Amino acid sequence: MFQNALRTSLSLYRSNVSSCLRSQTFRRFLSQESRTKIQAAVTEYPVVLFMKGNPEQPMCGFSRGVVKILSAFDIPPGKFKTYNVLEDLELRTGIKEFSEWPTIPQLYVNGEFVGGSDIALSMFQSGELETLLEQHGVIPKASESSS
């Protein structure tokens, strides 16, 4: 019951933030070229994280938190890619418009935006993130890995 209430709350929060970003006040008009590059990036690997810094040296606590969460799943390197938004101003601002989400880090699984650090933490704690990664073949199902 709590899990459904949390999921509903997160969904409402996400839609409220998205509607604010869609308003003309917050919109930056991402070029088609930039949109295409970002789309290619989010679909290049099964798990993609746009973060400040890199997994070995995160440059913010929120990015560090998501890296720590993902490290708990021991995702194979061939299925996981990070992008340091501090190295590219266009990527840093463009990813926010692309996802319609105002903050970094941003986590994508199989090309779909999952959320930022709060949502990743919530999904980790509830088991939803593990289920999502299993469903997309990123990590083996718990029953497969124990046999």
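Look up a bit, the structure's there.
Conventions used here
- Residues numbered from 1 in each chain as written.
- Predicted model: local features only at pLDDT ≥ 70, side-chain atom pairs only at ≥ 80, totals over all residues.
- Heavy atoms only, no water.
- Core = buried A, V, L, I, M, F, W, Y, C linked by side-chain atoms within 4.5 Å.
- Buried < 20%, exposed > 50% of the residue type's maximum accessible area, 1.4 Å probe, protein only.
- Helix = DSSP H or I, 4+ residues; strand = E, 2+ residues; numbered from the N terminus.
- Contact = heavy atoms within 4.5 Å.
- Salt bridge = Lys/Arg side-chain N within 4 Å of Asp/Glu carboxyl O.
- Pairing = 2+ DSSP bridges.
- Axes fitted to C-alpha atoms, helices over the stretch in contact; angles between N-to-C directions.

Enquirer: Describe the nonpolar core, with residues and values.
Expert: Among the nonpolar cores identified, the biggest contains 35 residues, and Phe-50, Leu-129 and Leu-133 are the most heavily contacted of them. Secondary-structure elements contributing two or more residues to this core are helix H2 (32-44), strand E1 (47-51), helix H3 (61-71), helix H4 (89-99), strand E5 (106-109), strand E6 (112-115), helix H5 (117-126) and helix H6 (128-135). Take this core: its biggest share by element is 5 residues, from E1. The residues touching Leu-133, leaving out its near neighbours within four places in the chain, are Val-47, Phe-73, Ile-75, Val-109, Val-138 and Ile-139.

Enquirer: Please give an account of the pattern of salt bridges that cites residues and values.
Expert: Summed over the entire model, instances satisfying the criterion amount to 2 salt bridges. The shortest N-O distance in the salt bridge between Glu-33 and Lys-37 comes to 3.5 Å. One end of the pair, Glu-33, and the other, Lys-37, are both in helix H2, 4 residues apart, so they sit about a helical turn from each other. Residue classification places Lys-37 among the exposed residues on the basis of a relative accessible area of 55%. For Arg-35, the salt bridge is made with Glu-97, and the minimal N-O distance between the two is 3.5 Å. Of this pair, Arg-35 sits in helix H2 while Glu-97 sits in helix H4, and the two are 62 residues apart along the sequence. The class of Arg-35 is partly exposed, set by a relative accessible area of 25%. Residue class for Glu-97 comes out buried when judged on its relative accessible area of 10%.

Enquirer: I'd like a description of the sheet that holds E5, backed by residues and values.
Expert: Read across the open sheet, the 4 strands follow the order E4-E1-E5-E6; overall the sheet is mixed. A strand with exactly one partner marks an edge of an open sheet, and here the two such strands are strand E4 (80-84) and E6. Direction aside, neighbouring strands of the sheet carry axes that sit 25 degrees apart on average. Relative to E6, E5 runs antiparallel, the two being bridged by 3 bridges. Looking at E6, one finds that Tyr-108 is bridged to Phe-113. Here H4 sits on the sheet and contacts E1, E4, E5 and E6; the angle it forms with E5, its principal contact strand, is near 60 degrees.

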